[in-house]
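Each chain is listed here by its residues.
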Amino acid sequence: MQETQALLEQKLNLVLCGECIRLFLTTPNIKYCEKTACATNEGKIQKTCNLCLGIFGNDSLDTIVDRIQQSFHAYGGLSCNVLTKDSPTISIPSHLVIRAQCVFLAIEKAKMDEIFVQKRLSSSEVYSKIKEAIRSHVRYRLKEYCTQKTYPSYEDLEPCTRRVLYKEESGFMNCHIIIHATSNVTLPTHVFAIPPLSTRSKRKRFRGNDPTNKQGGDPRTNADVKLKKDIETLLHDTSCETAKDSLRASLLEKNTIIDMLDSNLREEDKKNQLVEWITSPSAKTGHDHLSLCTVHVAAWRNAIYLKGRYTKSRRDCSQTPFFVANTSVDESNNVTKKEMIRLGKTSVEEEICPIVAEVACGGISTQNNLGKDLQGSGSTVVYGMAKFHASGREDMDVRMILPSDVLEGERASLESGQGMKATGSGRPFVLEIIDAHTLPRPQSLLQAVLKINHVTSKSDIVNLAKTSGSGEWVTESDRMHVQYGQNPNGVGISGLEFCPSSSYRNLQSETEDKVKFYGCLCWCEKAIESQQHLDDLLHNNVVYPLEINQSTPLRVLHRRSTAVRIRHVLSIKSHRIDNHWFRLSLSTSAGTYVKEFCHGDCGRTLPSISSLLGCKTDIVELDCEGIATH
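Residues numbered from 1 in each chain as written. Predicted model: local features only at pLDDT ≥ 70, side-chain atom pairs only at ≥ 80, totals over all residues. Heavy atoms only, no water.

Our focus in this paragraph is the overall build of the protein chain. Scanning the protein chain from N- to C-terminus turns up 18 helices and 26 strands. Over its C-alpha atoms the protein chain spans a radius of gyration of 34 Å, topping by over 25% the 25 Å that the globule rule assigns to 630 residues. Overall, the protein chain is about 110 × 60 × 50 Å in size when its C-alpha atoms are taken along their principal axes. Within the protein chain, the fraction of its 630 residues that count as buried is 51%. Long-range pairs, those at least 24 residues apart, make up 79% of the contacts in the protein chain with a sequence separation of at least 6. Between the averaged position of the 78 positive side-chain charges in the protein chain and that of its 74 negative side-chain charges there is a distance of 3 Å. (Helix = DSSP H or I, 4+ residues; strand = E, 2+ residues; numbered from the N terminus. Rg over C-alpha atoms; globule rule 2.2 N^0.38 Å. Buried < 20%, exposed > 50% of the residue type's maximum accessible area, 1.4 Å probe, protein only. Contact = heavy atoms within 4.5 Å. Lys, Arg positive; Asp, Glu negative; His and termini not counted. Charge placed at Lys NZ, Arg CZ, Asp CG, Glu CD.)

Once that is clear, we can look at the nonpolar core. Across soluble globular proteins, you tend to see nonpolar side chains buried next to one another. Of all hydrophobic cores here, the largest spans 165 residues; its most connected members are L51, I134, I352, V356, L431 and I433. By residue number, the principal contributor to this core is helix α4 (residues 95-110), which donates 10 residues. Not counting the four nearest positions on each side in its chain, I352 is found in contact with Y310, F388, F429, L431, I452, V491 and I493. (Core = buried A, V, L, I, M, F, W, Y, C linked by side-chain atoms within 4.5 Å.)

Reading across the sheet, the 3 strands line up as β2-β4-β6 and stay open at both edges, with mixed pairing between neighbours. Pairing within the sheet leaves two strands with one partner each, and these edge strands are β2 (89-91) and β6 (293-301). If you compare each strand with its neighbour and ignore which way they point, the axes differ by 15° on average. Bridging between strand β4 (residues 173-181) and β6 involves 9 bridges; their strand directions are antiparallel. (Pairing = 2+ DSSP bridges. Axes fitted to C-alpha atoms, helices over the stretch in contact; angles between N-to-C directions.)

A few words now on a nonpolar patch on the surface. A cluster of nonpolar residues, F322, I341 and L343, forms a patch on the protein surface that exposes about 200 Å² of accessible area. By secondary structure assignment, the location of L343 is in strand β10 (residues 335-343). Given the relative accessible area of 30%, L343 is considered partly exposed. (Patch = residues over 30% accessible without salt bridge, like charges linked within 9 Å, V, L, I, M, F, W, Y side chains within 5 Å. Areas by Shrake-Rupley, 256 points an atom, 1.4 Å probe, with all protein chains shown as cover. Salt bridge = Lys/Arg side-chain N within 4 Å of Asp/Glu carboxyl O.)

Per the counting criterion, the structure on display carries 11 aromatic pairs. Relative to F388, the ring of Y310 has its centre 6.0 Å away and its plane inclined at 55°; by these criteria the two rings are tilted. In this pair, Y310 sits in strand β7 (residues 304-312) while F388 sits in strand β13 (residues 385-390), placing the two residues 78 residues apart along the sequence. Here F388 falls in the buried class, since its relative accessible area comes to 9%. Here a set of aromatic residues connected by ring pairs shows up, and it is made of Y151, Y154, Y166, F172 and F498. (Phe/Tyr/Trp six-rings, centres within 6.5 Å; stacked < 30°, edge-to-face > 60°.)

Moving on: unusual backbone geometry. Note the cis peptide between S87 and P88, where omega equals -5°. In the segment running from L606 into P607, the intervening peptide bond is cis, with an omega of -15°. Here P607 lies in the loop between β25 (605-606) and α18 (609-613). Phi at E169 takes a positive value of approximately 60°, unusual for a residue other than glycine. Along the chain, E169 falls in the loop between α6 (159-168) and β4. The phi dihedral of N541 falls on the positive side, at around 60°, and the residue is not glycine. Inspection of the secondary structure assignment puts N541 in the loop between α16 (531-539) and β22 (546-551).

Once that is clear, we can look at the confidence of the model for the protein chain. Of all residues in the protein chain, 91% attain a pLDDT of 70 or more, and the chain-wide mean is 88. Looking over the protein chain, one finds the lowest element-wise mean pLDDT in helix α15 (residues 507-511), namely 69, and the highest in helix α11 (residues 348-360), namely 97. Predicted confidence for residues 30-37 stays below pLDDT 50, and this span has 19 contacts to residues more than four positions away or in other chains. Across residues 39-45 the pLDDT falls below 50, and counting only partners more than four positions away or on other chains, this stretch makes 8 contacts in the model. (pLDDT = per-residue confidence, 0-100.)

Within the structure shown, the criterion is met by 28 salt bridges. Of the charged contacts in the structure, one is a salt bridge between R583 and E476, with a shortest N-O distance of 2.9 Å. Of this pair, R583 sits in strand β24 (residues 581-589) while E476 sits in the loop between β17 (462-467) and β18 (479-484), and the two are 107 residues apart along the sequence. Overall, the relative accessible area of 18% leaves E476 in the buried class. Put simply, R604 and D601 hold a salt bridge, and the shortest N to O gap is 3.7 Å. According to the relative accessible area criterion, D601 is buried, its value standing at 6%.

Running from N to C, helix α3 (residues 58-71) and helix α5 (residues 123-142) point in directions that differ by 65°, and their axes come no closer than 10 Å. The hand of the α3/α5 crossing is right-handed. From α3, N58, L61, D62, I64, V65 and I68 reach across to α5, where they touch I134, H137, V138, R141 and L142. Partitioned by chemical class, the residues of the contact of α3 with α5 number 7 nonpolar, 2 polar and 2 charged. (Left-handed = near helix turned anticlockwise from the far one by under 90°. Nonpolar A, V, L, I, M, F, W, Y, C, P; charged D, E, K, R; others polar.)

For helix α13 (residues 442-453), spanning 12 residues, the distance from its first C-alpha to its last is 17 Å, which sits close to the expected 16 Å at 1.5 Å a residue. Burial in α13 covers these residues: S444, L445, A448, V449, L450, I452 and N453. Looking at the buried positions of α13, the neighbouring elements they touch are β7, α11, β18, β19 (491-493) and β20 (497-498). Once α13 ends, the next one or two residues include H454, with phi positive near 60°. (Expected span 1.5 Å × (residues − 1).)

Now for the environment of Y504. With respect to the element layout, Y504 can be found in helix α14 (residues 501-505). A C-alpha to C-alpha distance of 42 Å links Y504 and S123, two positions 381 residues apart in sequence. Apart from the residues within four sequence positions on either side, Y504 is in contact with Y305, H389, V430 and E432.

Positionally, H190 belongs in the loop between β4 and β5 (214-215). Separated by 129 residues in the primary sequence, H190 and L61 place their C-alpha atoms 32 Å from one another. Not counting the four nearest positions on each side in its chain, H190 is found in contact with Q273 and W277.

Moving on, we come to α4. The first and last C-alpha atoms of α4 sit 23 Å apart over 16 residues, in line with the 22 Å expected at 1.5 Å per residue. Most of α4 sits inside the fold, with 13 of its 16 residues counted as buried. Looking one or two residues beyond α4, the residue adopting positive phi is K111, at roughly 50°.

What follows concerns the state of the cysteines. Inspection of the entire model under this criterion finds 0 disulfides. The structure places no disulfide on C49, whose sulfur is separated from the nearest cysteine sulfur, that of C52, by 3.7 Å. The thiol sulfur of C615 is not disulfide-bonded, and the nearest other cysteine sulfur, from C524, lies at 4.6 Å. (Disulfide = S-S within 2.5 Å.)

Following this line, the structure appears as structure tokens:
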């Protein structure tokens, strides 16, 4: 190996490390030692490699591993986590490809018998080969630190679920390495000019006007954006043209540099100029290899999926934060002001997600988020977030509770871990925890559930609660219902357990296969003489399941396409309160607009309670009382 290096330096004035020779050249009797790819037997770098700029040296590889360890501190360290099979991914500077092609041209032109290029590679192939070689070295060194192969949190799960989670690498750690060439690295800009930087701004995706954070982006892209922002600052402060060219090359996309290089390699005079440059003193760095490249690492955790069911016992609580546009006029200066105002006291999402993120996951990482200065105006987009996904949604003024007669069955199903099938249960939801600091343990999940429900033990989760009969509309006897927990904001959950990502993907499609139970408080214009009279009106000449035709309701016509949808009311029970007030208990197929089924929506839903009673009918209270699978 040393003889080959001496020959290259003597005849071509090229300095190549052992790893670059092994990767690209064919020489007799090469013995390669992985640990000392770019070092002498004493482990000290003699001269910086003209091709890899010393990246294959032990010092540089150790620096990369150190950066990885630092990026993993927020997640408990390398030893407490499991890496995905694709980690680490690597991005290298395009400067290396330019230098590699110049080295190949110089060796081919010299026509030495002792050394020749293994195979003429395209610039893209050279880029991939260098990148994979660095990745291989880094993975070899990481084996010393990544001793954990499984997560204890998954060990008590059912074997089928555990296999799926490991196959999906749910909660596994990812790592992306960006190696950036500094302004000390020279390029043959006298042969080809670095293309100008694009001034065209990228089109930003509209994510709504409400002030809530939105999840989006990618840690690799975000790390690259932050790095390029720093490079732009250096470029602005640098006066040296050679340094500016190197920095501009770092800002350009890899494919732009590669295409430019490949086009120049087709011209013989350009080839000769590149050979002259790589073998001349101007191509030599003249700096220590550690000052030629800098290393940046992004680490993040794969999404974790947790499923459960919730109840909501308040009518001023939306499922997600609810904002509407509002226009007001300032009378003092007659200026019109447009703003987003919030409706409702809280939301199901806000009562669940922050607690699960902090208590069960140790918080959400912010190190992969872009700063506000890099996002422009509008809502803040973050990568790490606890996202809430539910199987359908109820309106803000609709409670999600359970009837009192399912109390014992609900408690039994909670103990067994099986949801209610026949009588219904709370609304299913899935939490998607993106970039959590830690993987939840079963005990921490239970602590989060207890804190959300404002109870102290698992046996207190299912509760019997009372709804006062002296309501806003009519006086009746007190009614009992079942809810999860005792949260004063009305939100409770049955529990949390790990689930595969398919549970989230199938959440909405499974909604169509469910039976939903409702309780309604209704008013009608005509007097109802007796309970029998009400039953006769609702059941005479009517066969249940009752097929109804529902045109898109007027209240959602602004956001849903116009169509006539066929739905089914599976069963109906009535309870007369007085001459004009009554309650209904319904079971319907998924997707039924129950409010419109009651009042008829100006004839857009047929038949309806209004048409069956033959008079104007309205609904003033609606409760969803359970969701069950067929």
